[in-house]
Amino acid sequence: MLDAEGGTGRPQPGAFDAVVDQAAGVLIAVGRMTPADAWDVLRETSMRTDIKLRHVAELLVEWGRSGVLCADIRTELDRQLAQRRRAPRI
């Protein structure tokens, strides 16, 4: 899907807010995924829970530190990770 500027909707390198970068790192480690996949999981989780992406990122960074994650984010994150594990890798 293209955004208004004709891009893919993914931020350009260096355009991530620091907390979003940190959350992507948590997802890369926990989900054993690429940075692009981590961005997709963040975006999808934000959209499906109707929680701003930056707030989802803050919650994921806190989860990485404390092990505590609210139920709605946890449910959607589990769904996103399971979906990616089932998806065939090319």
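Small disclaimer: the values here were computed from a predicted structure and weren't measured.

**Student:** Is there a simple way to explain the pattern of salt bridges in this structure?
**Tutor:** Pairs can form between side chains of opposite charge whenever their charged atoms are close. The full count for this structure, using the stated rule, is 9 salt bridges. With a shortest N-O distance of 3.2 Å, Glu 44 and Arg 43 are connected by a salt bridge. Note that Arg 79 and Glu 76 form a salt bridge whose closest N and O atoms lie 3.0 Å from each other. Residue Arg 79 and its partner Glu 76 are located together in helix α4 (residues 71–86), separated by 3 residues, close to a single helical turn. Bridged by salt links that share partners, the residues Asp 40, Arg 43, Glu 44, Arg 48, Glu 76 and Arg 79 form one connected network.

**Student:** Would you mind showing me how to read the environment of Ser 66 here?
**Tutor:** Within the secondary structure, Ser 66 is located in helix α3 (residues 53–66). Within polar-contact distance, the side chain of Ser 66 engages the backbone nitrogen of Val 68 at 3.1 Å.

**Student:** In this structure, what is going on with the nonpolar core? I would like to understand it.
**Tutor:** In summary, soluble globular proteins display a tendency toward joint burial of nonpolar side chains. Leu 27, Leu 42, Leu 60 and Leu 77 are the most contacted members of the largest nonpolar core, which totals 20 residues. Where this core is concerned, the elements lending two or more residues are α1 (18–31), α2 (35–49), α3 and α4. Considering each element in turn, this core owes the most residues, 6 residues, to α1. Residues contacting Leu 60, with those up to four places away along its chain left out, are Ala 23, Val 26, Leu 27, Leu 42, Leu 69, Ile 73 and Leu 77.

**Student:** Mind showing me how you'd approach the environment of Ile 73 here?
**Tutor:** With respect to the helices, strands and loops of the structure, Ile 73 is situated in helix α4. With 13 residues separating them along the chain, Ile 73 and Leu 60 place their C-alpha atoms 8.6 Å apart. Once residues within four sequence positions are removed from consideration, Ile 73 is found in contact with Thr 45, Thr 49, Ile 51, Val 56, Leu 59 and Leu 60.

**Student:** It is not clear to me how the side chain of Thr 45 should be interpreted in this structure. Could you clarify?
**Tutor:** You can see Thr 45 is positioned in helix α2. Those residues within four positions of Thr 45 in sequence are excluded, and the remaining contacts are Val 56, Ile 73, Glu 76, Leu 77 and Gln 80.

What counts and what doesn't
- Residues numbered from 1 in each chain as written.
- Predicted model: local features only at pLDDT ≥ 70, side-chain atom pairs only at ≥ 80, totals over all residues.
- Heavy atoms only, no water.
- Salt bridge = Lys/Arg side-chain N within 4 Å of Asp/Glu carboxyl O.
- Helix = DSSP H or I, 4+ residues; strand = E, 2+ residues; numbered from the N terminus.
- Polar contact = N/O pair within 3.5 Å; in protein donor to acceptor, adjacent residues only side chain to side chain.
- Core = buried A, V, L, I, M, F, W, Y, C linked by side-chain atoms within 4.5 Å.
- Buried < 20%, exposed > 50% of the residue type's maximum accessible area, 1.4 Å probe, protein only.
- Contact = heavy atoms within 4.5 Å.

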